[in-house]
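So the chains spell out like this:
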Amino acid sequence: MGMSIPYERSGRTRQKLRTRDALVAATRELVAQGLTPTVESAAARAEISRTTAYRYFTNQRALLIAAHPEIDRKSLLGANPPRDASARLGSVLDEFLRITVETEPQLRMALRLSLERVADQTDSSLRQGRAIGWIEDALAPLLGQLAKPEVHRLAIGIRSAAGIESLVWLTDVARLSRAQAVEVMKSSAQAQLRSAIADSKRKGRRPSTRGT
């Protein structure tokens, strides 16, 4: 048997994609209000019939996954990024954490979904590790001074200290403001970078934060 084609991809695709987009937009509006939308409530907000809505999203989980912010950028650096790894990391973190704070309701919802025990491969988009790639891009000047696996490990460490998970803990548990939480995350990330460079110096590699 061939692969099934999503409803919105078969016939009158433009109209169907507009309808799907309206359901996703309605879902995001409800999430921003602190609600966890059902297919029915999203349909009502979008002024679309429940029957039609279920053609696009067969259950609440599929709908909520679709509302997760889609950020397909391969890099968060601008057209003329700095050559200094620390400055590059700072630039990437500025943009990454801006996105994190601006889309916090959707990201909190996605985090809640990812923690559920129900196995569902349709939610793989929530765990693609985009931020690790963005951070590795920032750390690219260190390649040749640090081995590629070391740069990857550093990127993972930085990601563990910056993102929605850290934002939730810093604001909900540590009771910091979002501005304070962002500064703590940036400080932790830069501290990890300095530590990695210091470790490399102790091993005699004489690394620099500057590219060649």
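A short tour of the structure in this document, coming up. (Residues numbered from 1 in each chain as written. Predicted model: local features only at pLDDT ≥ 70, side-chain atom pairs only at ≥ 80, totals over all residues. Heavy atoms only, no water.)

## Some remarks on the overall build of the protein
Turning to step 1, where the next piece is worked out: The secondary structure content of the protein amounts to 10 helices and zero strands.
Turning to step 2, where the next piece is worked out: Ordered by position from N to C terminus, the α and β elements of the protein give α-α-α-α-α-α-α-α-α-α.
Turning to step 3, where the next piece is worked out: For the protein, the proportion of its 212 residues judged to be buried stands at 41%.
Turning to step 4, where the next piece is worked out: About 12,300 Å² of surface is accessible on the protein, with carbon and sulfur atoms providing 52% of the total. (Helix = DSSP H or I, 4+ residues; strand = E, 2+ residues; numbered from the N terminus. Buried < 20%, exposed > 50% of the residue type's maximum accessible area, 1.4 Å probe, protein only. Areas by Shrake-Rupley, 256 points an atom, 1.4 Å probe, with all protein chains shown as cover.)

## Looking at the environment of I197
Turning to step 1, where the next piece is worked out: Turning to its location among the elements, I197 is positioned in helix α10 (residues 178-202).
Turning to step 2, where the next piece is worked out: Spatially, the C-alpha atom of I197 lies 8.4 Å from that of L146, the residues being 51 residues apart in sequence.

## Points about the pattern of salt bridges
Turning to step 1, where the next piece is worked out: All told, the structure shown has 11 salt bridges when counted by the stated rule.
Turning to step 2, where the next piece is worked out: A salt bridge links R178 to E104, with the shortest nitrogen-to-oxygen separation between them at 2.7 Å. Placement of R178 in helix α10 and of E104 in helix α6 (residues 104-115) is noted, with a sequence separation of 74 residues between them.
Turning to step 3, where the next piece is worked out: Residue E104 is classed as buried on the basis of its relative accessible area, which comes to 7%.
Turning to step 4, where the next piece is worked out: Each of the salt bridges in this network shares a partner with another, and the network as a whole consists of E104, R108, D172 and R178. (Salt bridge = Lys/Arg side-chain N within 4 Å of Asp/Glu carboxyl O.)

## Notes on the packing of aromatic side chains
Aromatic ring pairs are reported here in terms of the distance separating the ring centres and the angle at which the planes meet.
Turning to step 1, where the next piece is worked out: Here the structure, examined in full by the defined rule, presents one aromatic pair.
Turning to step 2, where the next piece is worked out: Between F96 and W134 the ring centres are 6.0 Å apart and the planes differ by 65°, which places this aromatic pair in the edge-to-face class. In this pair, F96 sits in helix α5 (residues 85-102) while W134 sits in helix α7 (residues 130-138), placing the two residues 38 residues apart along the sequence.
Turning to step 3, where the next piece is worked out: Residue classification places F96 among the buried positions, given a relative accessible area of 9%.
Turning to step 4, where the next piece is worked out: For W134, a relative accessible area of 5% puts it in the buried group. (Phe/Tyr/Trp six-rings, centres within 6.5 Å; stacked < 30°, edge-to-face > 60°.)

## Things to note about unusual backbone geometry
Turning to step 1, where the next piece is worked out: Of note in the backbone geometry, E47 takes a positive phi value of approximately 60° without being a glycine.
Turning to step 2, where the next piece is worked out: Tracing the sequence through the fold places E47 in the loop between α2 (39-46) and α3 (50-56).
Turning to step 3, where the next piece is worked out: Despite not being glycine, R175 shows a phi value in the positive range, around 65°.
Turning to step 4, where the next piece is worked out: Mapped onto the elements of the fold, R175 is located in the loop between α9 (164-173) and α10.
Turning to step 5, where the next piece is worked out: Residue classification places R175 among the exposed residues on the basis of a relative accessible area of 65%.

## Focus on the packing of α9 against α10
Turning to step 1, where the next piece is worked out: Look at α9 against α10: their axes get within 9 Å of each other, and the N-to-C directions meet at 130°. Of the possible angle classes, the one that applies to α9 and α10 is oblique. The crossing of α9 and α10 is right-handed. Together, S166, L167, L170 and T171 of α9 and R178, A181, V184 and M185 of α10 make up the contact between the two elements. (Axes fitted to C-alpha atoms, helices over the stretch in contact; angles between N-to-C directions. Parallel < 35°, antiparallel > 145°, perpendicular 65-115°, else oblique. Left-handed = near helix turned anticlockwise from the far one by under 90°. Contact = heavy atoms within 4.5 Å.)

## What to know about the nonpolar core
Turning to step 1, where the next piece is worked out: Core analysis: the biggest nonpolar cluster contains 33 residues, and L89, L139, L142 and M185 have the highest contact counts within it.
Turning to step 2, where the next piece is worked out: Breaking this core down by element, the ones donating at least two residues are α5, α6, α7, α8 (148-161), α9 and α10.
Turning to step 3, where the next piece is worked out: With seven residues, the top contributor of residues to this core is α10.
Turning to step 4, where the next piece is worked out: Residue contacts for L89: discarding those within four places in its chain leaves I135, A138, I158, A189, Q190 and L193.
Turning to step 5, where the next piece is worked out: Among the nonpolar cores identified, the runner-up in size contains 13 residues, and L23, A46, I48 and Y56 belong to it. (Core = buried A, V, L, I, M, F, W, Y, C linked by side-chain atoms within 4.5 Å.)

## Brief notes about α9
Turning to step 1, where the next piece is worked out: Inspection of α9 places I164, S166, L167, V168, L170 and T171 among the buried residues, and these make up the whole buried set.
Turning to step 2, where the next piece is worked out: Taken together, the buried residues of α9 touch α5, α6, α8 and α10.
Turning to step 3, where the next piece is worked out: At the exit of α9 stands R175, carrying a positive phi of roughly 65°.

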